[in-house]
Amino acid sequence: MTDEEQMMVRELCSRNLLDNEHYLIKDGSLEYNPSFTNLSQTEWNLLRSNYKHVVGVSKMFNPDLLKDFNGHKLSKTIANLKPFERTKVYRYQANKDYKESEFAIWYVRLRKSDYRETHFSDVVKCEMVLEEPGASIDTDLVNIISANIIREAFPVCYGKDSRWANHLYPVFLTETYCKSNYLGQDILLNLF
C-alpha cells in the first residue's frame, strides 16, 4: 500500500498538480517503514523528491517521539496547547542511517473542547519531508498549512466515529466510502 501511495504522489507531480499553491494532505505519517516496501533505498529517495508539497497529518501519534530544544519531552508542551495553537517546528531524523530521512514536525490543537478523552485529543501531528539535510520550512507556510487543517477539522462526525474529537471530516467520509465497498463479514463467513 505504501508503494502505491508513493506512486500516486509521483503521478500527481508528473501531471504538475502539486505546487506552492496546491498541497496534498495525506492521512497518516510520511515516514514509510523500509521493511514494508518493495522499493530500494535509492528508489525511495528518488520518490521523496515528490513530497515537497505533501503534508502528513496523523490523528494518533507518540507524544514522546520528540524532545524540545531544551531536551525535555515534548508531550507536556503538546498537552498544554491552547485551541488553534501550534507548537514550534521540530526536525526529526527518522532513520539514523540515512541523513535523507529528515522531517519537519509540528503539532496543532484543532478546536476547543469542553470534554477531552485525553490531553492529546483534538491535536494532530503534521509533518513534511525536508528535501535536503539541514533544510528548513518557512514559518508563514507552516502557519497557512496549520490554519487550513484547522478549517478542515470543524465539520465533525458526532456519534458516527469514536475518534470524532481527533477526526478530520474528509477522512471520515473517505473511510466510510471505502468500508461501504467491502463485503460484509456474514457474506465472507458463508462462503466457506
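First, a word on what this report is: a plain description of the structure on this page. (Residues numbered from 1 in each chain as written. Predicted model: local features only at pLDDT ≥ 70, side-chain atom pairs only at ≥ 80, totals over all residues. Heavy atoms only, no water.)

**Structural notes on the overall build of the protein chain**
Helices and strands together make up the secondary structure of the protein chain, namely six helices and five strands. Listing the helices and strands of the protein chain from first to last along the sequence gives α-β-α-β-α-β-β-β-α-α-α. Put simply, the protein chain has 192 residues, and 39% of those count as buried. Once local pairs closer than 6 in sequence are excluded, the contacts in the protein chain between residues at least 24 apart make up 63%. A total of about 12100 Å² of accessible surface is found on the protein chain, and carbon and sulfur atoms cover 53% of it. (Helix = DSSP H or I, 4+ residues; strand = E, 2+ residues; numbered from the N terminus. Buried < 20%, exposed > 50% of the residue type's maximum accessible area, 1.4 Å probe, protein only. Contact = heavy atoms within 4.5 Å. Areas by Shrake-Rupley, 256 points an atom, 1.4 Å probe, with all protein chains shown as cover.)

**Focus on the environment of Val142**
Among the structural elements, Val142 can be located in helix H4 (residues 139–153). When its relative accessible area of 1% is taken as the criterion, Val142 is described as buried. Taking the C-alpha atoms as reference points, Val142 and Trp106, separated by 36 residues in sequence, lie 8.7 Å from one another. The residues touching Val142, leaving out its near neighbours within four places in the chain, are Arg86, Val89, Trp106 and Ile137.

**Re the nonpolar core**
One finds Tyr51, Leu66 and Tyr107 to be the most contacted residues of the largest nonpolar core, which totals 19 residues. Counting only elements with at least two residues in this core, the list comes to helix H1 (2–14), strand S3 (90–93), strand S4 (102–109) and strand S5 (123–129). Sorting elements by how many residues they give to this core places S4 first, with three residues. Look past the residues within four positions of Tyr51 in its chain and what remains in contact with it is Glu5, Gln6, Val9, Leu30, Tyr32 and Val129. Residues Leu110, Val124, Ile149 and Ile150 belong to the second largest nonpolar core, which totals 13 residues. (Core = buried A, V, L, I, M, F, W, Y, C linked by side-chain atoms within 4.5 Å.)

**Observations concerning H1**
Compared with an ideal rise of 1.5 Å per residue, which puts 13 residues at 18 Å, H1 spans 18 Å between its outermost C-alpha atoms and is within 8% of the ideal. Burial in H1 covers these residues: Asp3, Gln6, Val9 and Leu12. Downstream of H1 by one or two residues, Asn16 has phi in the positive range, about 55 degrees. (Expected span 1.5 Å × (residues − 1).)

**Thoughts on the packing of aromatic side chains**
The geometry of an aromatic ring pair is captured by two quantities: the separation of the ring centres and the angle between the planes. Under the defined criterion, the tally for this structure stands at four aromatic pairs. Judged by centre distance (6.3 Å) and plane angle (75 degrees), the rings of Phe61 and Phe120 are edge-to-face. Remark: Phe120 occurs in the loop between S4 and S5 and Phe61 occurs in the loop between strand S2 (54–58) and helix H3 (75–79); sequence separation between them is 59 residues. With a relative accessible area of 17%, Phe61 lands in the buried category. When its relative accessible area of 23% is taken as the criterion, Phe120 is described as partly exposed. Measuring from ring centre to ring centre gives 4.9 Å for Phe69 and Tyr90, while their planes differ by 25 degrees; the resulting arrangement is stacked. Highlighted residues: Phe69 in the loop between S2 and H3 and Tyr90 in strand S3, separated in sequence by 21 residues. Using a relative accessible area of 58% as the deciding quantity, one classes Phe69 as exposed. (Phe/Tyr/Trp six-rings, centres within 6.5 Å; stacked < 30°, edge-to-face > 60°.)

**Here's the deal with the pattern of salt bridges**
Summed over all chains, the structure comprises five salt bridges. With its nearest N and O atoms 2.9 Å apart, the salt bridge here joins Lys59 to Asp27. Here the residue Lys59 occupies a position in the loop between S2 and H3, and Asp27 occupies one in strand S1 (residues 24–27), the gap between them amounting to 32 residues. On the basis of relative accessible area, Asp27 is assigned to the partly exposed category, the value being 37%. Among the salt bridges present, the one from Lys125 reaches Glu127, with a minimum N-O distance of 3.0 Å. The residues Lys125 and Glu127 share a single accessibility class, namely buried. (Salt bridge = Lys/Arg side-chain N within 4 Å of Asp/Glu carboxyl O.)

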